[in-house]
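Examination of the molecular architecture
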Amino acid sequence: MLDTRIEHSFPSGFRIDAAFRTGAGRVTALFGPSGAGKSSIANAIAGLFAPANGKITLDGETLFDSASARNLPPERRRIGYVFQDARLFPHLTVAGNLDYGMKRTRANLRRVARDQVIELLAIGPLMGRRPASLSGGEKSRVAFGRAVLTSPRLLVLDEPLASLDAGRKAEILPFIERMRDELAIPMIYVSHAVEEIVRLADEVVVLDAGRVLRAGPTVEILNAGAIVHADMGDPGSVIEAEIARADAGDGLTALSVNGGTLFVPHLQGARDGAAVRLRIRARDVAIARERPKGLSILNVMPARVRAVEDASAAQADVMLDIGAPLWARITRRSARELALAPGAEVYALIKSVAIDRGA
Amino acid sequence: MDFLALTPLEIEALNLSLRVAAWCVAISLPFGIACAWALARLDFPGKSILDGIVHLPLVLPPVVVGYALLILFARDGALGRVLASLGVEIAFTWKGAVVASAVMAFPLMVRAIRLSIEAVDPGLEVAARTLGAGRMGVLFSITLPLAWPGILTGMVLAFARSLGEFGATITFVSNIPGETRTLPLALFGLTQAPGSEAAALRLVIISTILAFSALIASEILAARIRKRLAH
């Protein structure tokens, strides 16, 4: 359980005034645009930055308290940190980097097995190499390993994928998922990328201009409405689903969403009954008053209109209920012509579905 | 090949110079590293004054430094009395020559080490803190190993500066054969004696070879270290 309250004014005029509490989830995302204060908060938690005012407690231990002038130095907080740039020590081999923190961790506090981490991150073949000869993806895997081998009580990841290209990101994400699932270390995941958060986080703290806008379970927060999802780049919905039939014929997988069925292209390694998390962009959802005929769109689900919000002069966001909240972005003219109002019975036409997380 | 054989005077001066230079590097290195680290990484009141004091021997006439040392370390001087009570006497001994050259070489050493410490990414030091290393642990496991090429450069510069030290040494510990007569002082003596041009030239050549070898050796070592850090 992490309890954080931070107030600080920077010389630039930027001000952080944020308080939140996490603990229920394995991964809590600090989410917001750049300049929202995410990294400052992450640094304060790890002891790399002392705010003017505030209090930070982890599992009942006070790490920082401005009132009693307590500020535990970073090396005594037992909080792991993965930096955006991997920050491997250039004069040590990969093995030397991995062992750096582990040998500074008291033997009776070591809970993470070195062999398990090396296997999990697939860094065994790199052990004798120097950081300068590693690729970007290899460097970040070693940086993850080095941090988790200190058996931290909490692992802070500060935009660990931001300096990697899309291909590398896709390569590294599964490793973070495996760390989350197999090592049972709570994580604070700092990011401005909604795909990463949907895929990794159980809880989200949404930050903007140094303040907490919302905090809570990922699905709830990311569906909480136009104001919030407008900050997240591409507006959309996050839906928890279950794999109904991994092989539903024609190379498709059937997902069940509270009774309704969605078809997606075959999911690799899908098992019947497994939970997945979907993200459906609002602009990929269309609305029909009657069940359409002769249509190429496979996923047509009965829905009920819950809310209609104006998104811009021309567009409106419609919140549909398909057993889970689903946002659709349509023109205001269509909303008027279809007489969409809360309670209206419609059909949601879903053009495409992104699978963000196999949990 | 008789001209390759060193004379007893040359051997004496050479041995003394090497001994003084080696001790000069050895005793100034810990202080040099501490000073360089403080100047590179800490912010404290009086930092510019410390910086000034460290660099003072670079701009002061060496005779001023030598005379100041003489006053401080004379038997009734402030530091001389403390050392005398410990049974140590340095004025007019080879140990005094070590102190004189250490003071004169200190700015060069600190400057080289400071620059190399400043070149170490502070982000690596922060990362080491999050991995459980305290400030001292970070210094010895991250900062100094990465600054090693610059530390080596500083050591060689101090060594070479000590080999060449003249003004402060002759003022502080005089020119005593076998005790404080290092290469430059022996050379000075020869230039004062008529008919010693050939002997003086030999000392010039020996001094040049010595200083040049030190520089070359440090370049080779530093290149090797840099290569190791890069791969």
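Residues numbered from 1 in each chain as written. Chains lettered and ligands numbered in written order. Predicted model: local features only at pLDDT ≥ 70, side-chain atom pairs only at ≥ 80, totals over all residues. Heavy atoms only, no water.

**Side note on the overall build of chain B**
Along the backbone of chain B there are 10 helices and 0 strands. Walking chain B from its N terminus toward its C terminus, one meets helices and strands in the order α-α-α-α-α-α-α-α-α-α. On the principal axes, the C-alpha backbone points of chain B span a range of 65 × 50 × 30 Å. Within chain B, the fraction of its 231 residues that count as buried is 44%. A separation threshold of at least 6 residues defines the contact pool for chain B, and within that pool the share at least 24 residues apart is 73%. Accessible surface for chain B amounts to roughly 11,600 Å². Of this, 72% is attributable to carbon and sulfur atoms. Side-chain charges of chain B comprise 17 positive and 14 negative groups, with the mean position of each set lying 8 Å from the other. (Helix = DSSP H or I, 4+ residues; strand = E, 2+ residues; numbered from the N terminus. Buried < 20%, exposed > 50% of the residue type's maximum accessible area, 1.4 Å probe, protein only. Contact = heavy atoms within 4.5 Å. Areas by Shrake-Rupley, 256 points an atom, 1.4 Å probe, with all protein chains shown as cover. Lys, Arg positive; Asp, Glu negative; His and termini not counted. Charge placed at Lys NZ, Arg CZ, Asp CG, Glu CD.)

**Description of the environment of A:Pro302**
Residues and elements named next belong to chain A. Within the secondary structure, Pro 302 is located in strand 17 (residues 299-310). Looking at Pro 302, the relative accessible area reads 52%, which means it is exposed. Apart from residues lying up to four places away in sequence, Pro 302 is in contact with Arg 291, Asp 321, Ile 322, Val 346 and Tyr 347.

**As for the sheet that holds strand 20 (residues 345-350) of chain A**
Residue and element names in this part refer to chain A. Across the sheet, 5 strands lie side by side as 16-20-17-18-19; this open sheet has antiparallel pairing. Every interior strand has two partners, whereas the edge strands, strand 16 (285-288) and strand 19 (325-331), have only one. In this sheet, adjacent strand axes meet at a mean angle of 45° when their direction is disregarded. Two elements, strand 17 and strand 20, share 6 bridges in a ladder whose sense is antiparallel. Bridge pairing in strand 20 links Ala 303 to Val 346. (Pairing = 2+ DSSP bridges. Axes fitted to C-alpha atoms, helices over the stretch in contact; angles between N-to-C directions.)

**A short note on the interface of chain B and chain A**
Many analyses report the size of an interface as the accessible area lost when the parts associate. Contacts between the two partners involve 22 residues from chain B, matched on the other side by 20 residues from chain A. Summed over both sides, the interface between chain B and chain A buries roughly 1,800 Å², with carbon and sulfur atoms accounting for 66% of that surface. Counting the surface chain B buries against chain A, the share from its top three residues, B:Arg129, B:Thr130 and B:Leu131, is 34%. In this structure, the salt-bridge partner of A:Glu75 is B:Arg129, at a minimum N-O distance of 2.7 Å. At the surface where chain B touches chain A, the tally comes to 4 residue pairs in polar contact (both at pLDDT 80 or more). Listed by contribution, the elements that provide at least two residues to the side of chain B that touches chain A are helix 6 (122-130), helix 7 (135-164) and helix 10 (197-230) of chain B. Looking at the side of chain B that touches chain A residue by residue, the classes come out as 12 nonpolar, 7 polar and 3 charged. (Buried area = accessible area lost by both parts, 1.4 Å probe. Salt bridge = Lys/Arg side-chain N within 4 Å of Asp/Glu carboxyl O. Polar contact = N/O pair within 3.5 Å; in protein donor to acceptor, adjacent residues only side chain to side chain. Nonpolar A, V, L, I, M, F, W, Y, C, P; charged D, E, K, R; others polar.)

**A few points about the nonpolar core**
For soluble globular proteins, nonpolar side chains are generally found buried alongside one another. In terms of nonpolar packing, the biggest core is built from 79 residues, with A:Ile41 and B:Phe172 touching the most fellow members. Take this core: its biggest share by element is 13 residues, from helix 5 (residues 94-118) of chain B. Residues in contact with B:Phe172, not counting those within four places in the same chain, are B:Gly66, B:Leu69, B:Leu70, B:Phe73, B:Ile90, B:Ala91, B:Phe92, B:Gly96, B:Val99 and B:Ala100. Judged by nonpolar contacts, the second largest core, of 48 residues, contains A:Val27, A:Ala95, A:Ile123 and A:Leu222. (Core = buried A, V, L, I, M, F, W, Y, C linked by side-chain atoms within 4.5 Å.)

**Structural notes on the domain arrangement of chain A**
Residue and element names in this part refer to chain A. As assigned here, chain A comprises domain 1 (2-222) and domain 2 (236-358). Summed over the shared surface of domain 1 and domain 2, the number is 0 salt bridges. At the surface where domain 1 touches domain 2, the tally comes to 1 residue pair in polar contact (both at pLDDT 80 or more). Sorting the residues of the side of domain 1 that touches domain 2 by element identifies helix 5 (166-183), helix 6 (194-200) and helix 7 (218-222) as the ones contributing at least two each. (Domains from an automatic or database assignment.)

**Points about the pattern of salt bridges**
Residue and element names in this part refer to chain B. On inspection of all chains with the given rule, the structure shows 30 salt bridges over all chains. When the shortest N-O distance is used, the salt bridge between Glu 12 and Arg 181 registers 3.3 Å. Of the two residues, Glu 12 sits in helix 1 (residues 8-41) while Arg 181 sits in the loop between helix 8 (167-173) and helix 9 (183-192), which places them 169 residues apart along the sequence. Put simply, Glu 125 and Arg 41 hold a salt bridge, and the shortest N to O gap is 2.7 Å.

**Some remarks on the packing of aromatic side chains**
Inspection of the entire model under this criterion finds 7 aromatic pairs over all chains. An angle of 20° between the planes, with centres 4.3 Å apart, marks the rings of A:Tyr81 and A:Phe83 as stacked. Grouping residues by exposure puts A:Tyr81 and A:Phe83 together as buried. We note A:Arg104 situated over the ring of A:Tyr100; from NZ or CZ to the ring centre the distance is 3.8 Å. When the ring centre of B:Trp94 is taken as reference, the NZ or CZ atom of B:Arg19 above it lies at 4.6 Å. (Phe/Tyr/Trp six-rings, centres within 6.5 Å; stacked < 30°, edge-to-face > 60°. Lys NZ or Arg CZ within 6 Å of the ring centre and 35° of its normal.)

**Thoughts on helix 3 (residues 62-73) of chain B**
Residues and elements named next belong to chain B. Taking 1.5 Å of rise per residue, 12 residues should cover 16 Å, and helix 3 covers 16 Å from first to last C-alpha, within 8% of that figure. What helix 3 keeps buried is the set Val 65, Gly 66, Leu 69 and Phe 73. Buried residues of helix 3 fall within an arc of 100° about the axis and therefore sit on the same side. Looking at the buried positions of helix 3, the neighbouring elements they touch are helix 2 (47-59), helix 4 (78-85), helix 5 and helix 8. (Expected span 1.5 Å × (residues − 1). Arc of directions from axis to C-beta.)

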